[in-house]
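# Chains, contacts and geometry: an overview
Given next are the chains, with one letter for each unit.
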Amino acid sequence: MRLFSAALCTAVAASLISGCAGNTSGTGSNVPTTAGALGHGVGAAGLRGIPVMTVAKKYLPTHIQPQRGKRAPAAATRGIYVSAFYGSDVWGFPKNNSGNGPATCTVPVTPTGVNSFGVDNSGTLIVPDGFSGTFVYSNSSMCGTQLGTISDPYGQPSDAAAVDAVNGTIALGNIFDNSDTPGSISLCTLSSGTCSTNLTNPNIFEMGGVAMSSNGDCWADAINESDIAVLVYFQGCSGAGVLTTGFSNGFYGGLDIDKKGNLVTTSLFGPSFSLPSTVNVYSGCNPACTLLSSTPLAGESIFGHVGRQGLRYVTTDLETAATEVYAYKPTGLTLLYSFTGGIPCASDECEAAAYTPSTNK
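Now for a look at the structure at hand. On a predicted model such as this, the values are computed, not experimentally measured, just so you know.

## Description of the state of the cysteines
Under the definition given, this model contains four disulfides. Across the disulfide, Cys105 is cross-linked to Cys143 (sulfur-sulfur distance 2.1 Å). Here the disulfide of Cys105 and Cys143 is right-handed, its torsion about the S-S bond being about 70°. Of this pair, Cys105 sits in strand E3 (residues 105-108) while Cys143 sits in the loop between strand E6 (133-137) and strand E7 (146-150), and the two are 38 residues apart along the sequence. When sorted by exposure, Cys105 lands in the same class as Cys143, which is buried. For Cys218, the disulfide goes to Cys237, at an S-S distance of 1.9 Å. What sets the handedness of the Cys218 and Cys237 disulfide is the S-S torsion sign, and at about 85° it is right-handed. On the criterion of sequence distance, the pair formed by Cys218 in strand E13 (residues 218-223) and Cys237 in the loop between strand E14 (229-234) and strand E15 (242-243) is long-range, its members being 19 residues apart. The same class applies to Cys218 as to Cys237, namely buried.

The following block contains the structure:
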């Protein structure tokens, strides 16, 4: 979900189709023929999706055979996952990696279409791949065995949220729907291997993050057709949704819910499309939001999550290729340390990070 200028996307289109097209618009069986996903930068055209190339439709199997990467030690059930734009893996690190240690395990994702991902309350990993479906991995250890694949017939998934991914509903955030139509939330189950419900709202144009609470509510973080950041609330993860009030983010980004039920939002840009990025914490947002705190981050970040105990927040810096760990309180965040761990984010741009298990929403 990295922002690119049309010129840059055109330059790399031949070799990096998964980035300017597939990685953000997706190229599964539902791929649009025009990749208008994130070929947009700040310029005369503003921050809008600009079609930059045309790709042929690719019809891939709905269910893909399990893939096994480097596994973590059996006792490693808690840690930090990191994904990268253009990356072919999701990496697993120790939950305290202040010594900049290497990844302890990897989850291979092929083709390379990962943006953000989700981790449920028990540590089940949910990895949306815009090319070929959404992969769900066991919580028995980090980088656990693949449990199954979900096909999203509605759009190109780039984020995921669930309270119980194995037995309950998984919410997939589609950056765009089929044929480059505005984004949405797809509701899916692992048992069915597909998504049966699509939540849309006229305020959603380009979708960012998705969140789901333990009582079954959903939120969609997006920009509208005027490039204004919006937050849409779906009570019970159903219906047409309601535009929240009091939401003051500068742009879209990841969503999470802390132990107190507050919505933890990452805004790629601060006011007036400025950097650094910010984490804004809100209470309510059902639909009225009350801003509890606004913390500038170290650099340019888009997806981040709160740890299980509600005391840590982790994200990635797109500019420095580092994973950053912050002390978290609803009243604000403080940077504790950062690490790179030897993964190739200097070229792939680390995009998302999450603790496993996630915060107990």
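Next comes the rest of the description.
## Quick notes on the pairing of E13
Look at any regular strand and the pattern is simple: side chains alternate between the two faces of the sheet. Within E13, six of the six residues are buried, which leaves it mostly tucked inside the rest of the structure. Covered by surrounding structure in E13 are Cys218, Ala220 and Ala222 together with Trp219, Asp221 and Ile223, the residues of both alternating faces. Hairpin connection between strand E12 (residues 206-212) and E13: a loop of five residues separates the two successive antiparallel strands, and Gly216 in this loop has a positive phi of roughly 90°. Linkage of E13 to E14, two consecutive antiparallel strands, is achieved through a turn of five residues, within which Asp227 is found at a positive phi near 65°.

## Observations concerning the layout of surface pockets
Roughly 320 Å³ of volume is contained in the largest pocket. Taken together, 13 residues line the largest pocket, and the ones lying closest to its centre are Lys95, Arg308, Gln309, Arg312 and Tyr355. Among the residues making up the lining of the largest pocket, the classes are represented as four nonpolar, five polar and four charged.

## Section: the side chain of Asp152
Considering the arrangement of structural elements, one finds Asp152 in the loop between E7 and strand E8 (155-162). Here Asp152 falls in the buried class, since its relative accessible area comes to 6%.

## Looking at unusual backbone geometry
Of the consecutive residues Asn286 and Pro287, the connecting peptide bond is found in the cis state with omega at 10°. With respect to the element layout, Pro287 can be found in the loop between strand E18 (278-284) and strand E19 (289-296). Between Thr356 and the following residue, Pro357, the backbone shows a cis peptide bond with an omega angle of -5°. Looking at where Pro357 falls in the secondary structure, it is placed in the segment after strand E24 (350-356). The phi dihedral of Cys143 is positive, around 55°, even though this residue is not glycine. Judged by relative accessible area, Cys143 falls into the buried class, the value being 3%. Here the phi dihedral of Ser179 falls at roughly 60°; this positive angle occurs in a residue that is not glycine.

Cut-offs used in this document
- Residues numbered from 1 in each chain as written.
- Predicted model: local features only at pLDDT ≥ 70, side-chain atom pairs only at ≥ 80, totals over all residues.
- Heavy atoms only, no water.
- Disulfide = S-S within 2.5 Å.
- Helix = DSSP H or I, 4+ residues; strand = E, 2+ residues; numbered from the N terminus.
- Buried < 20%, exposed > 50% of the residue type's maximum accessible area, 1.4 Å probe, protein only.
- Pairing = 2+ DSSP bridges.
- 1 Å grid on protein atoms, 1.4 Å probe; cavity = no way out; pocket = protein on both sides within 12 Å on 5 of 7 lines; lining within 4 Å.
- Points joined across faces, edges and corners; volume = space filled by probe spheres on them.
- Nonpolar A, V, L, I, M, F, W, Y, C, P; charged D, E, K, R; others polar.

The analysis is restricted to geometry; functional conclusions fall outside its scope.
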